[in-house]
Structures are given as structure tokens and as C-alpha cells.
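Structural overview
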Amino acid sequence: MGAPPAAHAYDVVIVGSGAAGLTAALSLAERFQVAVLAKGGLSEGSTAWAQGGIAAVLEPGDTFESHIEDTMVAGAGLNDRAAVEFVIENAPASIEKLVRLGVPFNEEGNALHLTREGGHSHRRIVHVDDATGWAVQQALETAARAHPNITLVPDMAAVDLATSRHGERYLGNGHVWGVYALDRRSGKVELYTGRATILATGGAGRTYLYSTAPRGATGDGIAMAWRAGCRVSNMEMMQFHPTCLWNLDVKNFLITEAMRGEGGQLKLPPGVPGAGHRFMPDFDDRAELAPRDVVARAIDHEIKRLGLDYVHLDISHMPPEFVKQHFPTIYAKLLGLGIDITSQPIPVVPAQHYTCGGVIVDLKGRTDLPGLYAAGEVTQSGLHGANRLASNSLLECFVFGEAAAAHIGRHFDEMPAPPPIRPWDESRVTDSDEEVIVQHNWREIRRFMWDYVGIVRTTKRLERAQHRIKTLRREVEDYYGNFRVTADLIELRNLVEVADLIVRSALARKESRGLHYTLDYPAMLPEAKDTVLVP
Ligand code: FAD
Ligand code: SIN
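Cut-offs and rules
Residues numbered from 1 in each chain as written. Chains lettered and ligands numbered in written order. Predicted model: local features only at pLDDT ≥ 70, side-chain atom pairs only at ≥ 80, totals over all residues. Heavy atoms only, no water. Near = heavy atom within 4 Å. Polar contact = N/O pair within 3.5 Å; in protein donor to acceptor, adjacent residues only side chain to side chain. Areas by Shrake-Rupley, 256 points an atom, 1.4 Å probe, with all protein chains shown as cover. Nonpolar A, V, L, I, M, F, W, Y, C, P; charged D, E, K, R; others polar. Axes fitted to C-alpha atoms, helices over the stretch in contact; angles between N-to-C directions. Helix = DSSP H or I, 4+ residues; strand = E, 2+ residues; numbered from the N terminus. Parallel < 35°, antiparallel > 145°, perpendicular 65-115°, else oblique. Left-handed = near helix turned anticlockwise from the far one by under 90°. Contact = heavy atoms within 4.5 Å. Core = buried A, V, L, I, M, F, W, Y, C linked by side-chain atoms within 4.5 Å. Buried < 20%, exposed > 50% of the residue type's maximum accessible area, 1.4 Å probe, protein only. Expected span 1.5 Å × (residues − 1). Pairing = 2+ DSSP bridges.

1. Quick look at the site of ligand 2
Looking at ligand 2, the residues that line it are Gln51, Gly52, Glu117, His241, Leu254, Thr256, Glu257, Arg292, His353, Arg388, Ala390 and Ser391. One nitrogen or oxygen atom from the side chain of arginine 292 is found 3.2 Å from an oxygen atom belonging to ligand 2. In the model, an oxygen atom of ligand 2 is placed 2.6 Å from a nitrogen or oxygen of the serine 391 main chain. In isolation ligand 2 offers 260 Å² of accessible surface; the protein chains occlude 92% of this area. Looking at the shell around ligand 2, its residues break down into 2 nonpolar, 6 polar and 4 charged.

2. A look at the packing of helix 13 (residues 435-452) against helix 15 (residues 487-508)
Where helix 13 meets helix 15, the closest approach of the two axes is 10 Å, and the angle between their N-to-C directions is 25°. Of the possible angle classes, the one that applies to helix 13 and helix 15 is roughly parallel. Taken as a pair, helix 13 and helix 15 cross one another with a handedness that is left-handed. Contacts from Val438, Gln439, Asn441, Trp442, Ile445 and Met449 in helix 13 reach Asp488, Leu489, Glu491, Leu492, Leu495, Val496, Ala499, Ile502 and Val503 in helix 15.

3. Digging into the nonpolar core
In terms of nonpolar packing, the biggest core is built from 76 residues, with Leu37, Tyr192, Ile445, Met449 and Val453 touching the most fellow members. With residues near it in sequence (within four places) discarded, leucine 37 still touches Val13, Ile14, Val15, Gly16, Ser17, Val153, Met156, Val179, Ala181 and Tyr192. By size, the runner-up hydrophobic cluster in this structure holds 55 residues, among which are Ala56, Val128, Leu140 and Ala404.

4. Things to note about the side chain of threonine 47
Secondary-structure assignment places threonine 47 in the loop between strand 2 (34-37) and strand 3 (54-55). Under the relative-accessibility criterion, threonine 47 is labelled buried at 9%. For threonine 47, the side chain forms a polar contact with the main-chain nitrogen of alanine 19, separated by 2.9 Å. Apart from the residues lying within four places of it in its own chain, the contact partners of threonine 47 are Gly18, Ala19, Gly133, Trp134, Val136, Gln137 and Leu394.

5. Some remarks on the site of ligand 1
If you check the shell around ligand 1, you find 37 residues, and the closest are Thr47, Gly53, Asp220, Glu377 and Ser393. Between an oxygen atom of ligand 1 and a main-chain N or O atom of alanine 19, the distance comes to 3.2 Å. Within the backbone of lysine 39, an N or O atom sits 3.1 Å from a nitrogen atom of ligand 1. Elements supplying a minimum of two residues to the shell around ligand 1: helix 1 (19-28), strand 9 (156-163), strand 17 (346-355) and helix 12 (393-411). Residue classes in the shell around ligand 1 are distributed as 16 nonpolar, 17 polar and 4 charged.

6. Thoughts on helix 13
Across its 18 residues, helix 13 extends 26 Å between first and last C-alpha, which sits within 8% of the 26 Å expected from 1.5 Å per residue. Restricting attention to buried positions, one finds in helix 13 the residues Val438, Asn441, Trp442, Ile445, Arg446, Phe448, Met449 and Tyr452. Of the surrounding secondary structure, the elements contacted by the buried residues of helix 13 are helix 14 (459-482) and helix 15.

7. Regarding the sheet that holds strand 13 (residues 232-233)
Strand order in the open sheet formed by 4 strands is 20-18-13-21, with mixed pairing between adjacent strands. Looking along the sheet, the strands with just one partner apiece sit at the ends: strand 20 (379-380) and strand 21 (532-533). Packing against the sheet, helix 6 (residues 220-228) makes contact with strand 13, strand 18 (358-360) and strand 21, and its axis sits at approximately 45° to strand 18.

8. Let's talk about the pairing of strand 16 (residues 311-314)
Burial along strand 16 is two-sided: Val311 and Leu313 and His312 and Asp314, pointing in opposite directions, are all buried. Looking at chain direction, strand 15 (residues 265-267) and strand 16 are connected through 3 bridges and run antiparallel. The residue bridging glutamine 265 from the neighbouring strand is aspartate 314, located in strand 16. Where strand 16 meets strand 17, 3 bridges bridge the pair, whose relative direction is antiparallel. Bridge pairing links histidine 312 to proline 347 in strand 17.

Below you can see the structure in the form of C-alpha cells.
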């Protein structure tokens, strides 16, 4: 019992070192001592993997109204217009700030080069070749490392939020005062406290067998917030990216949407009737540049109809120098796998890509619990609605990371200082002798989520998934209650929680809208309503 070690007491604790977490940290560090926790290396989140770029109205002739309209159309009307306006109107300032941080965006003449992606009616994507996220992550990390008020803590996996329940006296108002986190090097759970805590833990893509997201995308922040008492919303809106590389060895390499923006065409592969046919115009007038849900469902339809493993994405009709110049990372990666994209098509399949739902936040990044904020992919801010528009996600991280930091800055003096919090209960010191079961359970969840809760759903398949989740939840709780926590066990516990939230949300939506398509309710209802789960 007693106060936490002084070294772990900060003004603000941020969980997550991607675009959202580091943006908030850099803004807060002007006045406050900030700790930024990452469960592995600092660059291991989705931010560093982003390819296409960041959407912003920068082209003469483009307007905020047009970007807002495109976002609402992609989101099938489920978006919160105030959130959409807030993010889009703040986009140019966010880009300027990144330029000042040294992100080397591609230029054309005196302006930034803009590429195009599905669902956008203008060229409005700023980018660094086809590896934008890596450049952004490096610029943010470099600035954060250089700041004396920011402490970066890699290999520190948050287990749960420290709330009023964990105070030495129960204070009863659900206030959040930091996190318990597993130091992966020592195996000990430590307490990080602050007046405010920001969840910036990214998405939950790894709930699915095939995902473009990194291994750590296990929905930890969503699960922690839910357990602490936050509402979550729209968890059925899981985005599947149309074009993930199909390859027996490389399972999750994205082929950026910008390739379709620059002329890439989707075609049927050899060996089937209509081989070589460009099929997207049969499904939508916008062809390859229709929003992602439309393109992913069309590919899924063709794959199932013809019994294919993949379809082809072909950019080989464009001049080789153009292809190499626009997509140097993809060109080099695929050449290493024996595919020369300047002369050969790329085998692609849809794969889980983005979590549109999450912890409910307002325009200041506030969650339902006092002291707890959230920003980035972990949230449901109202921006994306039923389907995220390409390249709006990094943008949301910058705008909401900044908004949360600004609100904390304005209200810090009124926030109560953390009371004495109980240290982690170290009585569970037994090591499990069946670690392999954690791996089996993890694989099982990802398999049935892919099979039963994928691009096309039915009530029966969702109920089947729910039944499996119930059994797994009992097993995982038994493990969690009896054995020493490990990073794998923390993630498995969160995966089960998030899988349950996804399935419950999908069962609750009695219509098809955006990313949620069910054969039992194929029509869209007249009124767009969020699916809100209350703990
Ligand atoms: P992340 O960048 O995912 O960071 C999450 C952080 O949380 C990590 O530091 C992680 O270690 C930490 N964390 C998680 N759990 C814990 C825990 N329990 N304890 C401690 N730390 C934890 N969006 C665009 O707008 N444009 C694009 O071009 C684009 N391309 C993409 C390409 C790919 C392949 C992928 C996967 C996504 C892409 N996206 C793109 C989406 C975008 O990259 C993400 O939505 C965005 O980067 C999320 O940022 P974030 O800060 O919310 O989380
Ligand atoms: C891509 O480059 O296709 C990904 C863009 C995004 O996810 O917004």
C-alpha cells in the first residue's frame, strides 16, 4: 500500500506513441510533465505503416464543403456533422504544423503534391511517396525525444485504468488517474499516475485473421475504457481495405488506395470466364474510386462467385517511371517477392484495415469518465460514421490529439491531484504452464471473427460467433484471475472483450449501412443511428 513511486507520477499520462499520442504529448509538454507509454517499440503502431497520406483541402477550387460532403457520403450519413466540420476545417493547420516539424511531404512547384483516393471528389491527399506514416512517425518521435518534459516509455503494456475503485478509499465518481502497466522487461506491473490520462492506443484490427494492421492492434484502449465504465459505439463498423497483397508468406502488406487513385484497375485473374475483365464499372459508376466498402464488397462478391483466391490490381499500363516514382516502397517490396508491378498485375484481397467504432468522445476528446480523454483510432468521435473516407484517419489523430491537449491545458488547475492508489495485487505470482492455450485462443478468435463477422454477415453467423466468445471468455477470465499477467494474456483478454463488443453491435443493427452489411436486413433504415453500448 502507499503512494506510487515518485518516478511514475506525471501531470499527464498518455497511452500510445502513434500520431494521436505524440501530437497530444508535444502540445502538452509546453507546460506539463508527460509520460508516453507504448506496449512495444515506439514506432510499432499503425501510424508508421500508413501509406497513402493525409487528406486536407489545399487545392485551388477544392472546398471544406466538398471534403465534408465526401466524408458524409462515405460514412453513409452516420457521421456527426459537427465532428466532420471540426476535423476538416482544422486540417490545413495540422498539415502546416507537420511541415514545421520537418515532415518531407512531396512537392510540385511551390505547392505540396496532392494525390487522389477513393471517395474523394478532388485531389487532396498530401503524402511522402507511398510511406507517409513512417515519415510522420519519425518527425513526431524526433521532436518528442528532444523535449525535456516528455518521458517516452516503450515496452510498457497498460493492463487497466487506475480509477476511483483503486483508491485507498473508494471515491465513487469513476475518476481516472492513470494506468497500471506491465513492464515487459521486468515482468512487474507498475502504476503511472496523472491528473489526466489520454488513451491513444489505436484500433482493434487484429481481432481478425487477415488485417493490414500491426500485431499490437488488439483494441486494448477500447477494452480498458469499457471495463472502466465508458460507453463505446459503432463497433460493428469494421473497415476492410479492398487491396491487401495476396501472398502465401506475406500476409498483411497493404497496396495503397492511391494506386487506384493514380489509375490502377481491378481485373479478374487468368483461368476464369472473363479473365482480364475490369469489373468495378459493373458495380459502381465511380469504379475503382468508389468508397472502400463498395470496392471491398465487389471484390468479395467476385472472389466468392468465381471461387478465386484473389483478384488483380493492375497499374502496368502506366509508364514504368511514373509507377516507380509514385510507389517506390511498394515497387521494391513486390520486386523482392518476384512481382514487377511496372509489367505485372498484383494479386490482392480485402483485409481488415480500420476500426471506425470505439470509445465515445466529444469534440474536446473527453470520454464519459472524468480525467480520461481519448484520441485517434481508439475513439468514435463522429468523424467516420459507417465507413471512413480514405486518409481521414491520421488527420483525426492530429486534430483530436491537439483538442484533448488543449482542454487539459485549460482545465488542469481544476483537476484533482491523484489520491493514493493501491499498487497492483502481486499475489497472482503463479506462472501458467499452458501458455500455448493463449496462442490457440488468440488464433481461434481471429479465425471465427473472419469467418462469421466479416464483410457479409448474417444473424445466424453472428450468433455462432457470440456462442464461441462466451466459452472463450470463461477460459480467459480463469487464466487472467489465476496466473501472472503476460503481454500475450493482456492482449487476449482485450481481444475477447472487443470481439464481444463487435458482435453485440452487429446484432443490434437491424439494417445494412456502410461497412455493416447483413443478408438478413439488406435495406438501409431511413434514420441513421449510432449503435451505443453502455457498460
Ligand atoms: P497507432 O499509431 O496505432 O498507435 C497506437 C499506440 O498505442 C502504439 O504506440 C501502441 O504501442 C500503443 N498501445 C496500444 N495498446 C497499448 C497498451 N495496452 N499499452 C501501452 N501502449 C499501447 N490512415 C490515413 O489517414 N492515411 C493513410 O495513408 C493510412 N494508411 C494506413 C495503412 C496501413 C497499413 C494501416 C494499418 C493503417 C493506415 N491508416 C491510414 C490508418 C492510420 O494509420 C491509423 O488509423 C492511425 O495511424 C492510428 O493512429 P493512433 O495514434 O490512433 O494509433
Ligand atoms: C491507403 O493508403 O490506401 C490507406 C489510406 C487510409 O487508410 O486512409
